[in-house]
Amino acid sequence: MRIKKIQTGRIHIPLKVPFKTALRTVESVEDVIVRIETDTGEEGFGEAPPTAVITGDTLESIEGAIKNFIGPSLTGMEIENLDGIMKKLHGCMKGNTSAKAAVDMAVYDLYGKSLGRPLYKLLGGAREELTTDLTISVNPIPQMVEDSLRAVEDGFHILKIKVGKEGYKDVERIRQIRQAVGPEAVIRVDANQGWTAKESVRMIQKMEDLDLNIDLVEQPVPAEDLEGMKFVKSRVYTRILADETVFSPKQAIRVIEEQAADMINIKLMKTGGIYEALKIINIAEIYGIECMIGCMLESKIAVSAAAHLAAGKSIITAVDLDGPSLCREDPYEGGPLYEGAKIRMPKEAGIGILKVPAAFQ
């Protein structure tokens, strides 16, 4: 099974409500879809969102990287030569992790199909079902409380609360949400780099003093401020999760050895796909550091690839794959089944996506 052509298309999916963080506001999924066709007629699918504020990638840069560099480098290669494909994918150009991720997952989709097995089984097969959290966007406190209550009513017992835009007011935001949803709900806090190190310590300690029972705080300080994250971790009891600070295996090692975080958030758009994410997972297993699997504003294709990775590896103990739950519609056929907070893995080979409504060229 050889790669015959690599094509791109675009998908537009409105969100149920605007997605708001400390970094941006988005009203719809506008992503690049990748289709790899083989000489045997098989198709593999991948996806990449333009998350310029985090990865630096735009729609145009993703498409250009695939058309001008990645596609010509991989065309003609055998899918069974997975290691060789991945070395060429990551060696043909620097950066462009989102473009690489989209092609990577399409290759893994075909790899699973070539062996006739669901991808998560090939990655370890740790579990057949996942439980994801649901993101609560940054809004006025009454709306966030209302959104949190609705999420719990819809069956999401793990809430990821976005903060980081209003400083110390964030403590009151979390306090009111905890009061509304009760003690049983799991609350995770994501500052998206919105606090300074000293702000982080003061606010997290205040949440601890109020007994708000926060599961973890994600990326409280700017991505490059490793010393700041280390400062925070050493002064609070709440777990600190590194997200934007870790793109690569080398960065993962540094965060772990510097004891700057308790957990690492793996996202395929940061690592450049499953192949490099597996290296971070191997590192985490060696050090005994638990991981979260997360996503950007991705639809079902990319989220499903991440779900296969999470279902394959037991070191991934937290799941933040709510992208399809945030979308107003599901235009695809096949793949994992998303039922509220539950993600049930498919029996189909590869990632399991069967039909993609995009015009490819």
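These figures come from a predicted structure and were not determined experimentally.

A. Examining the overall build of the chain more closely. Scanning the chain from N- to C-terminus turns up 13 helices and 16 strands. Relative to the 2.2 N^0.38 estimate, which gives 21 Å for 361 residues, the radius of gyration of the chain is 20 Å and therefore close to what a compact globule would have. Dimensions of the chain along its principal axes, counting C-alpha atoms only, are 60 × 40 × 35 Å. Buried positions account for 60% of the 361 residues belonging to the chain.

B. The sheet that holds strand 12 (residues 316-319), seen in detail. Reading across the sheet, the eight strands line up as 5-6-7-8-9-10-11-12 and stay open at both edges, with parallel pairing between neighbours. The strands lining the two open edges of the sheet, one partner per strand, are strand 5 (134-136) and strand 12. Averaged over all pairs of adjacent strands, the angle between strand axes in this sheet comes to 30 degrees, irrespective of strand direction. Lying on the sheet, helix 11 (residues 274-287) is in contact with strand 10 (263-266), strand 11 (291-293) and strand 12; it crosses strand 10 at an angle near 165 degrees.

C. Summary view of unusual backbone geometry. Here the phi dihedral of D211 falls at roughly 55 degrees; this positive angle occurs in a residue that is not glycine. If you trace the backbone, D211 turns up in the loop between helix 7 (197-209) and strand 8 (214-218). The phi torsion at Q259 lies on the positive side, around 55 degrees, for a residue other than glycine. Structurally, Q259 can be placed in the loop between helix 9 (249-257) and strand 10.

D. Summary view of the sheet that holds strand 3 (residues 43-48). Overall, antiparallel pairing links the three strands, which are arranged 1-2-3 in an open sheet. The open sheet has two edge strands, strand 1 (3-20) and strand 3, and neither has a second partner. Taken over all neighbouring pairs, the strand axes of this sheet differ in orientation by 20 degrees on average, direction set aside. Two elements, strand 1 and strand 2 (residues 25-38), share 13 bridges in a ladder whose sense is antiparallel.

E. Highlighting the pattern of salt bridges. Applying the stated rule across the entire model yields 31 salt bridges. A salt bridge links K230 to E258; the nearest nitrogen and oxygen atoms lie 3.3 Å apart. Of the two residues, K230 sits in helix 8 (residues 226-233) while E258 sits in the loop between helix 9 and strand 10, which places them 28 residues apart along the sequence. Exposure remark for E258: the relative accessible area of 28% places this residue in the partly exposed category. Across the pair K267 and D243 runs a salt bridge, and its minimum N-O distance is 2.9 Å. You can see K267 sitting in the loop between strand 10 and helix 10 (268-271) and its partner D243 sitting in the loop between strand 9 (239-242) and helix 9, a full 24 residues away along the chain. Across the pair, exposure class does not vary: K267 and D243 are buried alike.

F. Representation of the environment of R150 within the structure. Within the fold, R150 resides in helix 5 (residues 141-153). Separated by 53 residues in the primary sequence, R150 and T97 have C-alpha atoms spaced 35 Å apart.

G. Local environment of the packing of helix 9 against helix 11. Contact geometry for helix 9 and helix 11: axes closest at 9 Å, N-to-C directions at 20 degrees. In terms of axis orientation, helix 9 runs roughly parallel to helix 11. Read as a crossing pair, helix 9 and helix 11 show a hand that is right-handed. For the pair formed by helix 9 and helix 11, the contact residues are P249, A252, I253, I256 and E257 on the first element and E276, K279, I280, I283 and Y287 on the second.

The rules behind the values
- Residues numbered from 1 in each chain as written.
- Predicted model: local features only at pLDDT ≥ 70, side-chain atom pairs only at ≥ 80, totals over all residues.
- Heavy atoms only, no water.
- Helix = DSSP H or I, 4+ residues; strand = E, 2+ residues; numbered from the N terminus.
- Rg over C-alpha atoms; globule rule 2.2 N^0.38 Å.
- Buried < 20%, exposed > 50% of the residue type's maximum accessible area, 1.4 Å probe, protein only.
- Pairing = 2+ DSSP bridges.
- Axes fitted to C-alpha atoms, helices over the stretch in contact; angles between N-to-C directions.
- Contact = heavy atoms within 4.5 Å.
- Salt bridge = Lys/Arg side-chain N within 4 Å of Asp/Glu carboxyl O.
- Parallel < 35°, antiparallel > 145°, perpendicular 65-115°, else oblique.
- Left-handed = near helix turned anticlockwise from the far one by under 90°.

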